[in-house]
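Coordinates in review
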Amino acid sequence: RVALACALFVNPDILLLDEPTNHLDFPAVIWLQKYLVGYEKTLLVVSHDRHFLNYVTTDIIHLYNRNLNYYKGNYDTFAVVRAEQRLAQQRAYEASEAKRKHMQEFIDKFRFNAKRASLVQSRIKALARMEKVAEVEDEAALRFELPQVVKVEGNMVALDNVDFAYDQRKGYILRNVSVCVHAESRVGVLGANGAGKTTLIKLLMGSLEPLTGRAIRNRTVRVSCFNQHHVDQLDLDATPLDFLKTKFSKATTDQLRSHLSRYGIGSSLHEQLIGNLSGGQQSRVAFALVTYRQPHLMVMDEPTNHLDIETIDALVNAIKKWNGAVLFVSHDQYFLEQVGKDFWGVTDGRVKQFRTFKDAKSFSYAR
Ligand SMILES: Nc1ncnc2c1ncn2[C@@H]1O[C@H](COP(=O)(O)OP(=O)(O)OP(=O)(O)O)[C@@H](O)[C@H]1O
Ligand SMILES: [Mg+2]
């Protein structure tokens, strides 16, 4: 919010925003959307947030395979037009392949037939001249797979009547909190910026201790944590391969390479410094890290920040096919609705449980 306020304050002629909605809560995103729609100068924004793009943009530039492709309209229009283009290209490809095949068959059949020699020659030339229509690339290529786990009975982690403050003189962040996560849990945590979501996660994970009440953790449960600022989990001066080697010393280089590739980190990136990777590539390294130990429970604090739309879809699909437990904080409506089955709303130091996203949302942003 502070960074955004600085950018808007100077009222520039061209406003350049790179993933502005990351970390922002719903009310802040809605405020920003309205502000940008009313902004009369030029706005160029990079975003993977579909709702946001639909609301704010009049044109889409799609950077794909090192080319910029221009589209009129918002994200949904772009998605429809692009799907049509891909279909048309696929049809053109199939038609062109059928024609080629036909010509080739003619050539093969009459190659040694003197009467048709000139015809065959002209077909050979025509075939060589024919422009090649590229096949449509398969974009669903990125698929994550989370290792299935043996089910754990009972609670994995729980808080029992917990109070917490960073500084008691400034008041409590959380009061009287009782929550639990078990093997079937798919919990989405929502609440305003600064409400205490990350604090709640840290209490459950044991990186903070309650002032009163109890934090209970089942020691046989393997928990993996994906932090809100997940670069904190990475060593920016190491390469992805060396970094995983230091974490998992028993694994072979081949095992680690194939694990990285499974998370969409191509071999050309295995030996580049993590600090020089893009935000999304760093997120993928962080995913490779947290999934390696085959967790029973994955705890993710704003996992979709920095991820592109394809990677978010891959993550959603991976979680849907997985049998482990998930606890996540998110401001991403799409992700919350796709992955969450239970929702915890955090407001005014209280944590309340809901069965639907809608109810949790109206509780969490009532003020
Ligand atoms: N280490 C700390 N020391 C003191 N205060 C802190 C510390 N960490 C967080 N806070 C304060 O505690 C409150 C809750 O912070 P927390 O990070 O849990 O919020 P959050 O719900 O995760 O917010 P966001 O949506 O912005 O990530 C905030 O008011 C924050 O300023
Ligand atoms: Mg947080």
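With an unreviewed UniProt entry as reference, the protein chain is termed ABC transporter domain-containing protein, source organism Lotharella oceanica.

**Describing the layout of surface pockets**
A volume near 450 Å³ is recorded for the second largest pocket. Contributing to the lining of the second largest pocket are 25 residues, with Asp49, His51, His331, Asp332 and Gln333 lying nearest its centre. Counting only elements with at least two residues in the lining of the second largest pocket, the list comes to helix H2 (26-37), helix H3 (50-56) and helix H11 (333-339). Top contributing element to the lining of the second largest pocket by residue count: H2, with 4 residues. For the lining of the second largest pocket, the domains that each give at least three residues are domain 1 (2-57) and domain 3 (155-364).

**A closer look at the site of ligand 1**
Close to ligand 1 lie 13 residues; Gly194, Gly196, Lys197, Thr198 and Thr199 are nearest. The separation between an oxygen atom of ligand 1 and a polar main-chain atom of Gly194 is 2.8 Å. One of the backbone nitrogen or oxygen atoms of Gly196 is found 2.9 Å away from an oxygen atom of ligand 1. Burial of ligand 1 by the protein chains amounts to 59% of its free accessible area of 640 Å². Along the lines of polarity and charge, the residues of the shell around ligand 1 split into 4 nonpolar, 7 polar and 2 charged.

**A word on the sheet that holds strand E12 (residues 342-347)**
Taken in spatial order, the 6 strands make up an open sheet running E9-E10-E11-E7-E12-E13, and their pairing is mixed. Two strands lie at the open edges of the sheet, namely strand E9 (223-226) and strand E13 (350-354), each paired on one side alone. When the angles between neighbouring strand axes are averaged without regard to direction, this sheet yields 15°. Summarising the sheet, strand E7 (residues 186-191) and E12 pair through 5 bridges and their orientation is parallel. From the neighbouring strand, Gly188 faces E12, where its bridge partner is Phe343. Of the strands in this sheet, E9 and strand E10 (297-301) are in contact with helix H9 (residues 279-292), which crosses E9 at around 170°. The strands that helix H12 (residues 357-364) touches are E7, E12 and E13; relative to E12, the one it contacts most, it runs at about 5°.

**Quick word on the pattern of salt bridges**
By the definition in use, this model includes 14 salt bridges. A salt bridge links Arg100 to Glu97; the shortest N-O distance between them is 3.8 Å. Taken as a pair, Arg100 and Glu97 lie in helix H4 (residues 75-110) at a separation of 3 residues, close to a single helical turn. Overall, Arg100 belongs to the buried group, its relative accessible area being 17%. Judged by relative accessible area, which is 26%, Glu97 ranks as partly exposed. The shortest N-O distance in the salt bridge between Arg175 and Asp163 comes to 3.7 Å.

**Thoughts on the packing of H4 against helix H5 (residues 117-129)**
Running from amino to carboxyl end, H4 crosses H5 at an angle of 150°, the nearest separation of the two axes being 10 Å. The angle between H4 and H5 falls in the class roughly antiparallel. Along this stretch, H4 crosses H5, giving a crossing that reads as left-handed. Residue-level contacts link Arg100, Met103, Gln104, Phe106, Ile107 and Phe110 of H4 to Leu119, Val120, Arg123, Ile124, Ala126 and Leu127 of H5. Taken together, the residues of the contact of H4 with H5 sort by class into 9 nonpolar, 1 polar and 2 charged.

**Observations regarding the domain arrangement of the protein chain**
By the assigned domains, the protein chain splits into domain 1 (2-57), domain 2 (76-137) and domain 3 (155-364). Computed from C-alpha atoms alone, the centre-to-centre distance between domain 2 and domain 3 is 50 Å.

**Remarks on the sheet that holds strand E5 (residues 155-164)**
Spatially, 3 strands are ordered E6-E5-E8 in an open sheet, and the strand pairing comes out antiparallel. Across the chains shown, the open sheet's two edge strands, defined by having one partner strand only, are strand E6 (174-182) and strand E8 (212-217). Between one strand axis and the next, the sheet turns by 5° as a mean value, whatever way the strands run. Sheet analysis places E5 next to E8, joined by 5 bridges and oriented antiparallel. Bridging across to E8, Val157 finds its partner in Arg217.

**Structural notes on the UniProt feature "domain: ABC transporter" (unreviewed entry) in the protein chain**
Annotation from UniProt places "domain: ABC transporter" (unreviewed entry) at residues 157-366. Split by type, residues 157-366 is 33% helix and 26% strand. Its first and last C-alpha atoms lie 28 Å apart.

**A closer look at H2**
The terminal C-alpha atoms of H2 lie 17 Å apart, and with 12 residues this matches the ideal 16 Å at 1.5 Å per residue to within 8%. Restricting attention to buried positions, one finds in H2 the residues Phe26, Ala28, Val29, Leu32, Gln33 and Leu36. Considered in projection along H2, the buried side chains sweep an arc of 160° and stay on one side of the axis. Lining the buried residues of H2 we find helix H1 (2-9), strand E1 (14-18), strand E2 (42-46), H3, H11 and H12. Sitting at the head of H2, Asp25 places a side-chain oxygen 3.0 Å from the backbone nitrogen of Ala28.

**Looking at the packing of aromatic side chains**
Tallying each qualifying case throughout the model produces 13 aromatic pairs. Between the aromatic rings of Phe354 and Phe363, the centroid separation amounts to 5.2 Å while the plane-to-plane angle is 45°, which identifies the pairing as tilted. Phe363 gets classed as buried once you look at its relative accessible area, which sits at 14%. Through a chain of ring-to-ring contacts, the aromatic side chains of Phe26, Phe343, Phe357 and Tyr365 assemble into a single cluster. Its guanidinium or amino end placed over the ring of Tyr334, Arg50 lies 4.2 Å from that ring's centre, counting from NZ or CZ. Taking NZ or CZ as reference, Lys361 lies 4.6 Å from the ring centre of Phe26, over its face.

Cut-offs applied
- Residues numbered from 1 in each chain as written.
- Chains lettered and ligands numbered in written order.
- Predicted model: local features only at pLDDT ≥ 70, side-chain atom pairs only at ≥ 80, totals over all residues.
- Heavy atoms only, no water.
- 1 Å grid on protein atoms, 1.4 Å probe; cavity = no way out; pocket = protein on both sides within 12 Å on 5 of 7 lines; lining within 4 Å.
- Points joined across faces, edges and corners; volume = space filled by probe spheres on them.
- Helix = DSSP H or I, 4+ residues; strand = E, 2+ residues; numbered from the N terminus.
- Domains from an automatic or database assignment.
- Near = heavy atom within 4 Å.
- Polar contact = N/O pair within 3.5 Å; in protein donor to acceptor, adjacent residues only side chain to side chain.
- Areas by Shrake-Rupley, 256 points an atom, 1.4 Å probe, with all protein chains shown as cover.
- Nonpolar A, V, L, I, M, F, W, Y, C, P; charged D, E, K, R; others polar.
- Pairing = 2+ DSSP bridges.
- Axes fitted to C-alpha atoms, helices over the stretch in contact; angles between N-to-C directions.
- Contact = heavy atoms within 4.5 Å.
- Salt bridge = Lys/Arg side-chain N within 4 Å of Asp/Glu carboxyl O.
- Buried < 20%, exposed > 50% of the residue type's maximum accessible area, 1.4 Å probe, protein only.
- Parallel < 35°, antiparallel > 145°, perpendicular 65-115°, else oblique.
- Left-handed = near helix turned anticlockwise from the far one by under 90°.
- UniProt positions renumbered as here; feature names shortened; annotations may be inferred.
- Expected span 1.5 Å × (residues − 1).
- Arc of directions from axis to C-beta.
- Phe/Tyr/Trp six-rings, centres within 6.5 Å; stacked < 30°, edge-to-face > 60°.
- Lys NZ or Arg CZ within 6 Å of the ring centre and 35° of its normal.

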